[in-house]
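In case you want the letters, here they are:
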Amino acid sequence: GFKFFTPNGGLTKQVLRQVMDLASHHARYWYDTGIVPPTSGKDAVFCADWVDYMPQYEESLRAAILRETGGQDDNDDDNDNSNNDKPLAGLKIVLNAGNGSGGFFHRVLDNLGADVSASMHVEPDSTFPAGIPNPEYSQMIDETTRVCEQVQADIGIMLDTDADRCGFVVPRTVISSSIQQQQQQQQQQ
């Protein structure tokens, strides 16, 4: 769902009503003028059949990750670091999409070089055979942690049903290894 906020907090019912009225007015105009095809009746075109926004959304996520990791964005002509279009190479990431809508993120991570071969529940399935995906539920956390430890992943990412919330797990094997390295460095000093 949509969540609307201003610097003063969430929208009031009165403001939300105004937003809905304005959206309804524009939708009617778009349908009446043929900008948007009808969504009911014999000539109906459903939005998913008419426009696929996923490629643009996936690209925006890829570009954001590249930007934040210092990688090369193909759309950025000013960045001459052309060898870093796979900034996640060498990382083993377990994505648990919970059979929700976030399974596409598997492709994004893979295209950025991450090893996502141990990811789970990436195919959407509205029956949620592994349970309702919620990164706060102990069942999802435990399953993701267990797989991360089995494959010695660097990190696990858990998504909720519509992928608007996530949780992360850092498996104990990685933490233990990091602690051991720190202890060895301290002993050498």
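Here the structure is a predicted model, which is why all the values come from computation and not from measurement.

What counts, and at which threshold
- Residues numbered from 1 in each chain as written.
- Predicted model: local features only at pLDDT ≥ 70, side-chain atom pairs only at ≥ 80, totals over all residues.
- Heavy atoms only, no water.
- Pairing = 2+ DSSP bridges.
- Helix = DSSP H or I, 4+ residues; strand = E, 2+ residues; numbered from the N terminus.
- Axes fitted to C-alpha atoms, helices over the stretch in contact; angles between N-to-C directions.
- Patch = residues over 30% accessible without salt bridge, like charges linked within 9 Å, V, L, I, M, F, W, Y side chains within 5 Å.
- Areas by Shrake-Rupley, 256 points an atom, 1.4 Å probe, with all protein chains shown as cover.
- Salt bridge = Lys/Arg side-chain N within 4 Å of Asp/Glu carboxyl O.
- Expected span 1.5 Å × (residues − 1).
- Buried < 20%, exposed > 50% of the residue type's maximum accessible area, 1.4 Å probe, protein only.

Asker: When you look at the sheet that holds strand β3 (residues 93-96) in this model, what are you seeing that I'm missing?
Answerer: Either a parallel or an antiparallel arrangement is found when strands of a sheet pair, and the pairing is made through backbone hydrogen bonds. Strand order in the open sheet formed by three strands is β3-β4-β5, with mixed pairing between adjacent strands. What marks the edges here is a single partner per strand, and that holds for β3 and β5 (166-169). Neighbour-to-neighbour, the strand axes of this sheet turn through a mean angle of 20°, independent of strand direction. With four bridges joining them, strand β4 (residues 155-159) and β5 adopt antiparallel strand pairing.

Asker: Mind showing me how you'd approach a nonpolar patch on the surface here?
Answerer: Side chains of F4, V15 and V19 sit close together on the surface and give an oily, nonpolar patch of about 210 Å² of accessible area. Tracing the backbone through its elements, the reader meets V15 in helix α1 (residues 13-32).

Asker: What exactly am I supposed to notice about helix α5 (residues 138-151) here?
Answerer: Residue pairs spaced three or four apart in an α-helix point in one direction, given the helix's 3.6 residues per turn. If you check α5, its first and last C-alpha atoms are 20 Å apart, about what 14 residues at 1.5 Å a residue would give, namely 20 Å. Buried within α5 we find M140, E143, T144, T145, V147 and C148. Among the residues trailing α5, Q152 stands out with phi positive, at a value near 55°.

Asker: Would you explain the pattern of salt bridges in this entry?
Answerer: Side chains that differ in sign of charge can pair as their charged atoms come close. Here the structure, examined in full by the defined rule, presents six salt bridges. A salt bridge links E58 to R107, with the shortest nitrogen-to-oxygen separation between them at 2.4 Å. Taken together, the residues E58 in helix α3 (residues 54-69) and R107 in helix α4 (residues 105-111) connect sequence positions 49 residues apart. Exposure remark for E58: the relative accessible area of 15% places this residue in the buried category. A salt bridge links D160 to R165; the nearest nitrogen and oxygen atoms lie 3.3 Å apart. Each of the salt bridges in this network shares a partner with another, and the network as a whole consists of E136, D160 and R165.

Asker: Is there a simple way to explain unusual backbone geometry in this structure?
Answerer: A negative phi angle characterises most non-glycine residues, just as the trans form characterises most peptide bonds. The phi torsion at N99 lies on the positive side, around 60°, for a residue other than glycine. For N99, the position within the fold is in the loop between β3 and α4. For N99, a relative accessible area of 8% gives the class buried. Located in the positive-phi region is H121, a residue other than glycine, with phi close to 55°. With respect to the element layout, H121 can be found in the loop between α4 and α5.

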